[in-house]
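# Secondary and tertiary structure notes
Read off the chains here:
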Amino acid sequence: MDARALKEGIVSGRLDPDALSAGFADLHGQLSNHEALVAADRCYFCHDAPCVTACPTDIDIPLFIRQIATGTPEAAAKTILTQNIMGGMCARVCPTETLCEEVCVREVAEGEPVQIGRLQRYATDTLMAQGVHPFSRAAPTGKRIAIVGAGPAGLACAHRLAMHGHDVLVFDARPKAGGLNEYGIAAYKSTEDFAAREVDWLLQIGGIEIRNGIALGRDMTMSELQSDYDAVFLGMGLGGVNALTAPGADKEGVLDAVGFIADLRQCTDLSSLPVGRDVVVIGGGMTAVDAAVQSKLLGALNVTIVYRRGRDRMNASVWEQELAAAKGVRIITNASPVAVHGNGAVREIEFEFTDDDLTPTGQTFRLAADQVFKAIGQTLTGDDLPDLDGRKIAVTGPGRTSVKGVWAGGDCAAGGEDLTVTAVAEGRDAAEDIHVALMRA
Amino acid sequence: MANLTTDFVGIKSPNPFWLASAPPTDKEYNVRRAFEAGWGGVVWKTLGEAGPPIVNVNGPRYGAIWGADRRLLGLNNIELITDRPLDVNLREIKAVKRDYPDRAMVVSLMVPCVEEAWKAILPLVEETGADGVELNFGCPHGMSERGMGSAVGQVPEYIEMVTRWVKQNTRMPCIVKLTPNITDIRKPAMAAHAGGADAVSLINTINSITSVDLDLFAPEPTIDGKGAHGGYCGPAVKPIALNMVAEIARTPEMADLPISGIGGVTTWKDAAEFMALGAGNVQVCTAAMTYGFKIVQEMISGLSQYMDEKGMTSTSELVRKAVPNVSDWQHLNLNYVTKARIDQDLCISCGRCFAACEDTSHQAIVMSEDRVFTVKDDECVACNLCVNVCPVEGCITMERLEVGAIDERTGRPVAAEHGDWTSHPNNPAVAQAAE
């Protein structure tokens with residue numbers, strides 16, 4: 001066994017570059033023309049198709065697959081992008097196994113859905129490779145809209161507003177646009193800098209200016225935005241991370257999974273990125289799986305996801321759980337962290353088994369850990385925000401907040417799943433509502 | 001985006017995609033939904049003369065041929081013309097046309113072969129505001145037993161006579177729908193032309209038995225142990241229809257006779273092919289019956305994209321574009337010499353090309369012990385069978401030999417000039433002329 005793999009502590013270079021690039025290669029790869037035709041041929045062109053209903057952005061899936069089948073992937077892409085301007089990224093990151101493909105009549109009947117996600121990627125990649133942006137702007141309206149957050153919600157909103165002829169300014173706290181497409185999401189789902197390329201492609205519509213490094217509350221205030229612009233859309237996501245309350249949670253090596261994923265996504269040389277030998281990820285969602293799988297791919301010897309409830313309550317889909325298992329990640333359920341042990345740095349983390357209602361059982365166990373990732377949810381941060389619904393911005397209808405002239409969507413807004421595709425739908429629908437409101441005024 | 005508006009014998013429609021006279025166009029409810037879905041026009045399901053309504057069988061009306069994944073490839077039917085009262089159909093046609101003035105509304109007709117019958121029905125159709133009539137001389141089942149449908153379409157003299165009656169008794173454009181159940185499609189087309197038809201539409205369905213129930217020993221669809229031949233349509237008939245359309249389009253006397261192309265149009269590409277071979281528009285039935293009205297969206301987007309890519313701004317630029325290239329065998333260039341080429345990087349070593357060539361063609365492919373397949377140029381006649389049986393698209397291609405290159409099969413250099421059968425020394429006519 002390679003000594004580098006066994007080395008204790010958080011170190012870089014556990015794997016050689018070939019193993020790293022193989023591990024982080026495109027998870028699905030692109031369908032060839034022939035594969036796409038064969039895959040498209042399986043679509044039954046269902047009437048009032050269940051897959052469309054299951055898609056948060058209502059993409060006309062049977063139509064775009066038929067357009068692929070008839071040799072016009074460009075038309076297919078337009079069908080997709082008309083509903084979902086980030087159809088390229090969604091084709092890569094959507095949990096299709098719990099959305100369109102789950103309800104595909106062939107999944108229900110045969111356990112083998114039409115490969116909707118991969119066909120969507122085939123179409124959108126074909127169009128983007130041609131450098132074609134199939135939308136154009138309406139005549140200028142003279143209206144200016146401020147968008148906070150250049151993630152999927154903000155960019156989808158910006159694009160739709162720009163199409164309607166409005167001028168859009170997008171502010172983002174990070175140095176790059178893209179939000180979680182750029183800083184979240186496992187690297188093997190967005191290879192070859194796809195997130196950044198998609199942003200560039202999206203901006204071809206014109207009329208959108210992005211200003212990076214500007215954060216709401218730090219560099220500008222809500223009231224400034226409201227007075228300077230005709231409308232405001234909040235799509236800044238969830239800036240904070242839930243804290244781990246177990247004793248010892250402040251020890252060295254206990255980190256936020258989102259930070260690790262962001263570092264990994266921005267890293268140009270994965271062999272320089274350190275990872276523990278024994279990694280424990282606390283949580284049960286996509287962030288937990290992304291952190292765990294990528295730890296494994298970086299060369300961590302033992303990677304364990306520990307989730308406090310039962311497997312059926314995990315937010316990560318069964319498909320994601322199986323992906324993690326296939327990569328060698330162990331999943332322990334019904335266990336809550338009770339203490340982090342170690343002298344300065346974490347050495348072990350102690351859990352207690354819990355019932356499904358989280359009642360402690362009194363039985364504990366310890367896992368060796370030199371790195372612990374917290375993936376136990378993110379929180380909204382910021383002052384002077386519109387009224388909240390729980391811990392997120394309350395919205396009614398297409399993203400209307402309690403404040404007139406202010407809309408919200410994406411992860412920072414209440415309701416809907418925290419998915420890229422949901423954020424796109426919310427941004428798009430808010431844009432339509434903003435457009436109607438501004439043109440009526 | 002390309003402009004798909006078409007003007008067919010003076011009938012304008014926003015696109016060249018019409019629904020053919022068939023069950024999809026049998027009633028107001030369907031046709032309104034078809035127009036909402038985007039269809040450019042319809043030919044209303046064939047009306048018969050006033051009187052007791054048509055009776056249909058009460059067992060299965062359709063039989064089908066499927067591909068492996070149950071993709072419907074061919075459909076056969078024994079349904080007759082509309083079985084709804086004439087006055088109901090007329091009332092509905094009028095109502096729909098009034099609400100969709102921009103769409104083509106053509107009414108299909110089939111009445112007995114007496115002038116009075118046509119004189120009686122034409123004014124009724126005119127009164128609906130319909131854009132034109134289509135004479136159903138095509139249905140091969142049921143009605144033909146009563147001297148209508150294909151029974152008329154198989155006798156050019158009848159076609160000409162009835163067409164003339166129609167032209168004399170209405171101002172509406174008259175499209176004559178032809179049956180393919182004949183030996184030479186040009187004869188009935190010429191008859192329609194001579195009778196004054198504004199256009200022909202083809203093909204109607206082909207006489208067929210889709211299959212036989214090997215337990216009942218009866219043709220399908222089976223009605224109480226018996227079956228009758230039906231009319232075959234769908235993707236399977238397209239090649240037959242394309243040829244018939246082309247034969248009419250390239251006949252000089254009919255060069256100006258508009259054609260409405262019918263027969264297995266399932267995608268935008270099928271439509272483009274019909275149009276390139278001379279069809280001014282297309283009519284669709286089986287594809288709509290299989291997948292619903294919504295497919296017209298793909299047809300519209302696909303044809304638009306294709307025309308954009310070709311720099312065509314109007315469908316008229318596409319219509320007849322391939323007609324000059326439809327030739328006779330005797331004029332094909334015998335000095336165009338090609339050889340099969342197998343791309344070894346794409347080859348998956350299945351050996352189908354070898355089996356086809358070795359067993360059934362010219363023994364022009366060699367198979368090595370480690371399953372590498374190569375073409376023997378001295379045996380290859382360029383028949384293209386290996387290309388057609390190869391499961392990998394683009395793996396085997398036919399490559400043209402350059403002028404001056406030696407064709408290893410004949411040992412002769414490839415000539416630069418065109419040379420066809422009409423000038424070939426083996427042609428007895430050439431030999432005679434030389435004498």
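Right above here is the structure, for reference.
In this report, the structure presented in the accompanying data block is examined. Quantities reported herein were computed from a predicted structural model and do not represent experimental measurements. (Residues numbered from 1 in each chain as written. Chains lettered and ligands numbered in written order. Predicted model: local features only at pLDDT ≥ 70, side-chain atom pairs only at ≥ 80, totals over all residues. Heavy atoms only, no water.)

### Digging into the pattern of salt bridges
A pair can form between side chains of opposite charge whenever their charged atoms are brought close. All names here are of chain A. In the structure shown here, the tally under the stated rule is 46 salt bridges over all chains. Across the pair Asp433 and Arg400 runs a salt bridge whose closest N-O atoms are separated by 2.6 Å. Linking Asp433 in helix α18 (residues 420-440) with Arg400 in the loop between β16 (392-393) and β17 (406-408), this pair joins segments that are 33 residues apart in sequence. Overlapping salt bridges, with partners in common, bring together Asp26, Arg92, Arg121 and Asp125 in one network. (Salt bridge = Lys/Arg side-chain N within 4 Å of Asp/Glu carboxyl O. Helix = DSSP H or I, 4+ residues; strand = E, 2+ residues; numbered from the N terminus.)

### Details of the sheet that holds strand β8 (residues 302-307) of chain A
Residues and elements named next belong to chain A. Read across the open sheet, the five strands follow the order β6-β13-β7-β8-β9; overall the sheet is parallel. A single partner strand is all that each edge strand has here, and the edge strands are β6 (254-256) and β9 (330-333). Strand-to-strand twist in this sheet, taken as the mean axis angle between neighbours without regard to direction, amounts to 25°. In terms of strand pairing, β8 meets β9 through four bridges, oriented parallel. Considered in β9, the bridge of Ile305 is made with Ile331. Together, β7 (278-282), β8 and β13 (371-374) form the strand contacts of helix α16 (residues 286-298), whose direction differs from that of β8 by roughly 170°. (Pairing = 2+ DSSP bridges. Axes fitted to C-alpha atoms, helices over the stretch in contact; angles between N-to-C directions. Contact = heavy atoms within 4.5 Å.)

### A few points about a negative patch on the surface
Residue and element names in this part refer to chain A. A cluster of acidic residues, Asp312, Asp355, Asp356 and Asp357, forms a negative patch at the surface. Topologically, Asp355 is positioned in the loop between β11 (348-354) and β12 (360-368). For Asp355, a relative accessible area of 39% puts it in the partly exposed group. (Patch = residues over 30% accessible without salt bridge, like charges linked within 9 Å, V, L, I, M, F, W, Y side chains within 5 Å. Areas by Shrake-Rupley, 256 points an atom, 1.4 Å probe, with all protein chains shown as cover. Lys, Arg positive; Asp, Glu negative; His and termini not counted. Charge placed at Lys NZ, Arg CZ, Asp CG, Glu CD. Buried < 20%, exposed > 50% of the residue type's maximum accessible area, 1.4 Å probe, protein only.)

### Structural notes on the environment of A:Lys296
Residues and elements named next belong to chain A. Within the fold, Lys296 resides in helix α16. C-alpha of Lys296 to C-alpha of Val275: the two residues are 21 residues apart in sequence and 8.9 Å apart in space. Discounting chain neighbours no more than four positions away, the residues touching Lys296 are Leu301, Val303, Lys327, Gly328 and Val329.

### Observations concerning empty space enclosed by the protein
Residue and element names in this part refer to chain B. In this structure the tally under the stated criterion is nine cavities of 30 Å³ or more. By volume, the largest cavity amounts to about 430 Å³. Taken together, 36 residues form the lining of the largest cavity, with Ser21, Ala22, Asn77, Asn204 and Thr205 sitting closest to its centre. Those elements that provide at least two residues to the lining of the largest cavity are β4 (41-47), β6 (72-77), β8 (132-136), β14 (230-233), β16 (279-284) and α9 (286-291). When residues in the lining of the largest cavity are grouped by element, the largest group, three residues, is from α9. Looking at the lining of the largest cavity residue by residue, the class counts come to 18 nonpolar, 14 polar and four charged. (1 Å grid on protein atoms, 1.4 Å probe; cavity = no way out; pocket = protein on both sides within 12 Å on 5 of 7 lines; lining within 4 Å. Points joined across faces, edges and corners; volume = space filled by probe spheres on them. Nonpolar A, V, L, I, M, F, W, Y, C, P; charged D, E, K, R; others polar.)

### Looking at the packing of helix α10 (residues 116-129) of chain A against helix α13 (residues 194-203) of chain A
All names here are of chain A. Close contact between α10 and α13 brings their axes to 12 Å; oriented N to C, the two are set at 60°. Note on packing geometry: the crossing formed by α10 with α13 is left-handed. Residues Asp125, Leu127 and Met128 of α10 lie in contact with α13, whose contacting residues are Phe194, Arg197, Glu198 and Trp201. Class assignment of the residues belonging to the contact of α10 with α13 gives a composition of four nonpolar, no polar and three charged. (Left-handed = near helix turned anticlockwise from the far one by under 90°.)

### Here we look at the interface of chain A and chain B
Tallying the contact residues gives 17 residues for chain A and 14 residues for chain B. Both faces considered, chain A and chain B share a buried interface measuring about 1,400 Å² in area, 44% of it formed by carbon and sulfur atoms. Contact with chain B buries area across many residues of chain A, yet A:Phe45, A:Arg66 and A:Thr70 alone supply 39% of it, more than any other trio. Across the chain A-chain B interface, the total number found is four salt bridges. In this structure, B:Lys294 and A:Asp60 form a salt bridge, with 2.6 Å as the shortest nitrogen-oxygen distance. Taken together, the links from chain A to chain B amount to nine residue pairs in polar contact (both at pLDDT 80 or more). (Buried area = accessible area lost by both parts, 1.4 Å probe. Polar contact = N/O pair within 3.5 Å; in protein donor to acceptor, adjacent residues only side chain to side chain.)

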